[in-house]
Amino acid sequence: MIIDGKKIAQEILLYLKDEVQKLDTKPTIAVIIVGQNPSSKIYVNLKQKKAIELGMNSIVIEMQKDTTQKELEDKIDELNQNPEINAILVQLPLPKHLDTYKIIEKIDPIKDVDGFHPQNVGRLSIGLEPYSTSCTPKGVIRLLDAYNIDIESKNIVIIGRSNIVGKPLASMLLARNATVTVAHSKTLNIRAITQRADIVIAAVGSAHLIDSDWIKDKAVVIDVGISKSPEGKLLGDVDFESVKDKASYITPVPGGVGPMTIAMLLENTLHLYNLQKEQK
Ligand code: GUN
């Protein structure tokens, strides 16, 4: 069965739009983009378009690629202090001369819409509720729930250990009582590990790495990877054609996890807005 991320995301966006309409002010997200990374620009434009469709405000702050650490930190400070800004997102990757971790730490945790701040990551990992959690892993779990796929006690193998996807996803699945294995580029014989998994979640960014040999019969396969073919076609980490008849559930690329990430971002924006309102 193909997991329709586009449809589930659309349902969430419709719900959010309804919720936003009930508010007396508009939740506002500020997105900072440094330099001209073409993929980043596409993502940022899409985020802005969707935010506006929901009736939120979206501010995009474009900074030059030679922006200094101090200039960027000052900009974040300004947004932290502005009560009209509810959510701050610094689009990654940043140019190499900037210290990404220091930048993330500068964001007020209650405005950290990506859930990347160490306070939010730390709270997630010890089982306390963070202000927000990373959007892509949150979207993956929402998809599993939407299709009533059990998480508790399942053997789940995540391929990829990034701070954006693999690690927070492992924390979230542990909190839901899964048995979680995180495989990565130094893991030996990954296939022997994925072949035992009830659920395989691929977040590597290596086109069509995973074929049917990697997968147990009737396993659930979630594809977070995105890469581009030389012709510009979007490719997942999973060879969909090879795996689709063996898996019980599978996400396509595009139209699987991708649309969920944006839905979760806007859900986080509304959540932070509500939290900030409660604090006033
Ligand atoms: N670059 C790729 N994914 C993400 C994300 O989820 N958030 C941010 N800020 N940058 C990204």
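Below: a short report on this structure. Please read these numbers as outputs of a predicted model, since none were measured by experiment.

Brief notes about helix 2 (residues 38-53)
Phase 1: Its 16 residues place the ends of helix 2 23 Å apart at the C-alpha level, agreeing with the 22 Å of an ideal helix rising 1.5 Å per residue.
Phase 2: Within the span of helix 2, buried status applies to S40, V44, K47 and A51. All buried residues of helix 2 lie within an arc of 60° about the axis, which places them on one face of the element. Of the exposed residues in helix 2, the ones pointing more than 90 degrees away from its buried face are P38 and I42.
Phase 3: Against strand 1 (28-34), strand 2 (57-63), strand 3 (87-90) and helix 10 (257-279) lie the buried residues of helix 2.
Phase 4: Among the residues of helix 2, the N-terminal cap falls to N37, whose side-chain oxygen and the backbone nitrogen of S39 are separated by 3.0 Å.
Phase 5: Following helix 2 by one or two positions, G55 has its phi on the positive side, about 90°.

Quick notes on the layout of surface pockets
Phase 1: The calculated volume of the largest pocket comes to roughly 1,500 Å³.
Phase 2: Around the largest pocket, the lining comprises 48 residues; the ones closest to its centre are Y43, T136, I226, G258 and T261.
Phase 3: Going through the elements one at a time, helix 1 (5-21), helix 2, strand 3, helix 6 (135-146), strand 8 (227-228) and helix 10 are the ones with two or more residues in the lining of the largest pocket.
Phase 4: No other element matches helix 2, which puts 8 residues into the lining of the largest pocket.
Phase 5: As a volume, the second largest pocket reaches approximately 420 Å³.
Phase 6: L124, E129, P130, T133 and K138 are, among the 20 residues lining the second largest pocket, the residues nearest its centre.
Phase 7: Elements that contribute at least two residues to the lining of the second largest pocket include exactly helix 6, helix 7 (166-175) and helix 10.
Phase 8: Per-class residue counts for the lining of the second largest pocket are 9 nonpolar, 5 polar and 6 charged.

Quick look at the packing of aromatic side chains
Phase 1: A full pass over the atoms with the stated rule returns 1 aromatic pair.
Phase 2: Where Y147 meets Y249, the ring centres are 6.1 Å apart and the plane angle is 70°; that geometry is what we call edge-to-face. Highlighted residues: Y147 in the loop between helix 6 and strand 4 (155-159) and Y249 in strand 10 (residues 249-250), separated in sequence by 102 residues.

Re the sheet that holds strand 3
Phase 1: Taken together, 3 strands build an open sheet; the order of strands is 2-1-3 and the sheet is parallel. Each edge of the sheet is formed by a strand with only one pairing partner; in this case those strands are strand 2 and strand 3. Taking each pair of neighbouring strands and ignoring which way they run, the sheet shows an average axis angle of 15°.
Phase 2: Pairing of strand 1 with strand 2 involves 7 bridges; the strand directions are parallel. If you follow I33 over to strand 2, its bridge partner there is E62.
Phase 3: Contacts between helix 2 and the sheet are confined to strand 1, strand 2 and strand 3, with strand 2 contributing the most and set at about 160° to the helix.

Some words on the pattern of salt bridges
Phase 1: Taken as a whole and assessed by the stated rule, the structure comprises 14 salt bridges.
Phase 2: For E267, the salt bridge goes to R142, with nearest N and O atoms at 2.6 Å. Of the two residues, E267 is situated in helix 10 and R142 in helix 6; the sequence distance between them amounts to 125 residues.
Phase 3: One salt-bridge network, held together by shared partners, links K49, K50 and E53.

Some points on the site of the ligand
Phase 1: Close to the ligand lie L89, V90, Q91, L92, D114, F116 and I164, which account for all nearby residues.
Phase 2: At a separation of 2.8 Å, a nitrogen atom of the ligand approaches a polar backbone atom of V90.
Phase 3: Within the side chain of Q91, one N or O atom sits 3.3 Å away from a nitrogen atom of the ligand.

Comments concerning empty space enclosed by the protein
Phase 1: For the structure on display, the rule yields 3 cavities of 30 Å³ or more.
Phase 2: Of the voids in this model, the largest cavity is the one considered here, and its volume is about 60 Å³.
Phase 3: With 3 residues, the single largest contributor to the lining of the largest cavity is strand 3.
Phase 4: In terms of residue class, the lining of the largest cavity is built from 7 nonpolar, no polar and 2 charged.
Phase 5: Computed from the structure, the second largest cavity encloses a volume of approximately 50 Å³.
Phase 6: Surrounding the second largest cavity, G115, F116, N120, V121, L124, P130, S132, T133, S134, N163 and P168 form its lining.
Phase 7: Ranked by residues supplied to the lining of the second largest cavity, first place goes to helix 5 (residues 118-125) with 3 residues.

What counts, and at which threshold
Residues numbered from 1 in each chain as written. Predicted model: local features only at pLDDT ≥ 70, side-chain atom pairs only at ≥ 80, totals over all residues. Heavy atoms only, no water. Helix = DSSP H or I, 4+ residues; strand = E, 2+ residues; numbered from the N terminus. Expected span 1.5 Å × (residues − 1). Buried < 20%, exposed > 50% of the residue type's maximum accessible area, 1.4 Å probe, protein only. Arc of directions from axis to C-beta. Contact = heavy atoms within 4.5 Å. Polar contact = N/O pair within 3.5 Å; in protein donor to acceptor, adjacent residues only side chain to side chain. 1 Å grid on protein atoms, 1.4 Å probe; cavity = no way out; pocket = protein on both sides within 12 Å on 5 of 7 lines; lining within 4 Å. Points joined across faces, edges and corners; volume = space filled by probe spheres on them. Nonpolar A, V, L, I, M, F, W, Y, C, P; charged D, E, K, R; others polar. Phe/Tyr/Trp six-rings, centres within 6.5 Å; stacked < 30°, edge-to-face > 60°. Pairing = 2+ DSSP bridges. Axes fitted to C-alpha atoms, helices over the stretch in contact; angles between N-to-C directions. Salt bridge = Lys/Arg side-chain N within 4 Å of Asp/Glu carboxyl O. Near = heavy atom within 4 Å.

None of this, on its own, says anything about what the molecule does.
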